[in-house]
Amino acid sequence: MNGHRTPQGYDPRAFEPFAVTVDLAVLTVREERLHVLLVERGREPYAGAWALPGGFVLPRESAELAARRELAEETGLSDTTVAGLHLEQLRTYSAPERDPRMRVVSVAFTALVPDPPEPRGGGDAAQARWMPYDTVRGLAFDHDRILADAHERVGARLEYTCLATAFCLPEFTLGELRQIYETVWGVPLDRPNFRRKVLATPGFVRAVEGPPRRTGGRGKPAALYRAGGATALHPPLLRPEGPTE
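Residues numbered from 1 in each chain as written. Predicted model: local features only at pLDDT ≥ 70, side-chain atom pairs only at ≥ 80, totals over all residues. Heavy atoms only, no water.

Visitor: Could you give an account of the overall build of the protein, naming the residues involved and the relevant values?
Guide: Secondary structure summary: the protein contains five helices and nine strands in total. Written out in order from the N terminus, the α and β elements of the protein read β-β-β-β-α-α-β-β-β-α-α-α-β-β. Taken along its principal axes, the extent of the C-alpha atoms in the protein is 70 × 40 × 35 Å. Taken over 245 residues, the protein has a buried fraction of 42%. Residue pairs at least 24 apart in sequence account for 67% of intrachain contacts in the protein once pairs closer than 6 positions are excluded. (Helix = DSSP H or I, 4+ residues; strand = E, 2+ residues; numbered from the N terminus. Buried < 20%, exposed > 50% of the residue type's maximum accessible area, 1.4 Å probe, protein only. Contact = heavy atoms within 4.5 Å.)

Shown next as structure tokens:
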């Protein structure tokens, strides 16, 4: 006997069936611009349109397992790459008419990728591509809204958590870390002030022993850091209200 017996007096056929899907807003920073991973749909509905990667949750898997499986299948990213992503649940989207096929509830996730490989289409995706966030419009389903919500969530979490280090390689300079904030927030930051705040925040970063790394240009080599042990920022690193001088 198993532990999934239908309770006496309960008839699941009395309720209208619906499907559960997952959608993923996968973000990265490339060439000092925020990029999002998109797939071109290979079948209806919205065949030929760009969309976030995702798909249906199978009967015996959790939403997070489905998200990682669909991401690997539709983009060609390796299981190792997908397993190592920072993946967090964004919210649930349940508008009755969001999918023309049937009633579909989607659990959306956002993922952050440092230095990602080039994707390739797979599953029911004709192709996959990294696209600049500020050029993306007219996605299939309600994916424009999901992507905007993901961008806002990530931007807000940069203020109060150490999430920015998830965009970075294991070893990074403070200039590279600052670039993450500037790219996601869309505003320049004062370099000395940013450096002072980061180094004064307990557990945000830790210095890497060894020689500094030359980052290009005429400046002196920059010291390397790793993510520290903290998860929250005390005090928070608040974004400027608008472009700074």
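Visitor: How would you summarise the side chain of Thr165 if you had to cite specific residues and measurements?
Guide: Mapped onto the secondary structure, Thr165 falls in the loop between α3 (143–160) and α4 (174–185). Accessibility expressed as a relative area gives 14% for Thr165, which makes it buried. In this structure the side chain of Thr165 is engaged in a polar contact, spanning 2.8 Å, whose partner is the backbone oxygen of Cys162. Setting aside residues no more than four positions away along its own chain, Thr165 makes contact with Phe172, Leu177, Phe204 and Ala227. (Polar contact = N/O pair within 3.5 Å; in protein donor to acceptor, adjacent residues only side chain to side chain.)

Visitor: An account of the nonpolar core is requested, with residue identities and associated values reported.
Guide: Leu177 and Tyr181 are the most contacted members of the largest nonpolar core, which has 42 residues in total. At the level of elements, β1 (19–30), β2 (33–41), β5 (86–93), β6 (104–112), α3, α4 and α5 (191–200) are the ones that each hand at least two residues to this core. Here the element with the most residues in this core is α4; it accounts for six residues. The contacts of Leu177, once residues within four sequence positions are left out, are Ala164, Thr165, Cys168, Phe172, Phe194, Val198, Phe204 and Val205. Core analysis: the second largest hydrophobic core is formed by 17 residues, Ala67, Val82, Ala111 and Val113 among them. (Core = buried A, V, L, I, M, F, W, Y, C linked by side-chain atoms within 4.5 Å.)

Visitor: How would you sum up the packing of aromatic side chains? Please name residues and give values.
Guide: The description of two aromatic rings rests on the distance between their centres and on the angle between their planes. Tallied over the full model, the rule gives three aromatic pairs. Taken together, a centroid distance of 5.0 Å and an interplanar angle of 70° make the contact between Tyr181 and Trp185 edge-to-face. In this pair, Tyr181 and Trp185 both sit in helix α4, four residues apart, roughly one turn of the helix. With respect to class, Tyr181 is no different from Trp185; both count as buried. Aromatic rings pair up to connect Tyr181, Trp185 and Phe194 into one cluster. (Phe/Tyr/Trp six-rings, centres within 6.5 Å; stacked < 30°, edge-to-face > 60°.)

Visitor: How would you explain the pattern of salt bridges if you had to name every residue and give the values?
Guide: The full count for this structure, using the stated rule, is 16 salt bridges. A salt bridge links Arg98 to Asp142, with the shortest nitrogen-to-oxygen separation between them at 2.7 Å. Linking Arg98 in the loop between β5 and β6 with Asp142 in the loop between β7 (125–132) and α3, this pair joins segments that are 44 residues apart in sequence. The buried category is assigned to Arg98, whose relative accessible area is 8%. A relative accessible area of 17% places Asp142 in the buried class. With a closest N to O distance of 3.4 Å, Arg178 and Glu182 form a salt bridge. (Salt bridge = Lys/Arg side-chain N within 4 Å of Asp/Glu carboxyl O.)

Visitor: Summarise the packing of α4 against α5; cite the residues concerned and give the values.
Guide: It is at 11 Å that the axes of α4 and α5 come closest, and there the two elements cross at 105°. If you check the angle between α4 and α5, you find them roughly perpendicular. For the pair α4 and α5, contact is made by Leu174, Leu177, Arg178 and Tyr181 and by Arg191, Phe194, Arg195, Val198 and Leu199, respectively. (Axes fitted to C-alpha atoms, helices over the stretch in contact; angles between N-to-C directions. Parallel < 35°, antiparallel > 145°, perpendicular 65-115°, else oblique.)

Visitor: Which residues make up the environment of Gly203, and what values do they have?
Guide: With respect to the helices and strands, the residue Gly203 is situated in the loop between α5 and β8 (205–207). In this structure Gly203 comes out as partly exposed when scored by relative accessible area, which is 31%. It is 37 Å that separates the C-alpha atoms of Gly203 and Ala128, two residues lying 75 residues apart in sequence. Residues in contact with Gly203, not counting those within four places in the same chain, are Gly228, Gly229 and Ala230.

Visitor: Give a description of the packing of α3 against α4 that names residues and reports values.
Guide: Where α3 contacts α4, the axes come no closer than 10 Å and their chain directions differ by 140°. Taken together, the axis directions place α3 and α4 in an arrangement best described as oblique. Between α3 and α4 the crossing geometry is left-handed. In this structure, α3 uses His151, Val154, Gly155, Leu158 and Glu159 to contact α4, whose residues at the interface are Tyr181, Val184 and Trp185. Across the contact of α3 with α4, the residue classes break down as five nonpolar, two polar and one charged. (Left-handed = near helix turned anticlockwise from the far one by under 90°. Nonpolar A, V, L, I, M, F, W, Y, C, P; charged D, E, K, R; others polar.)

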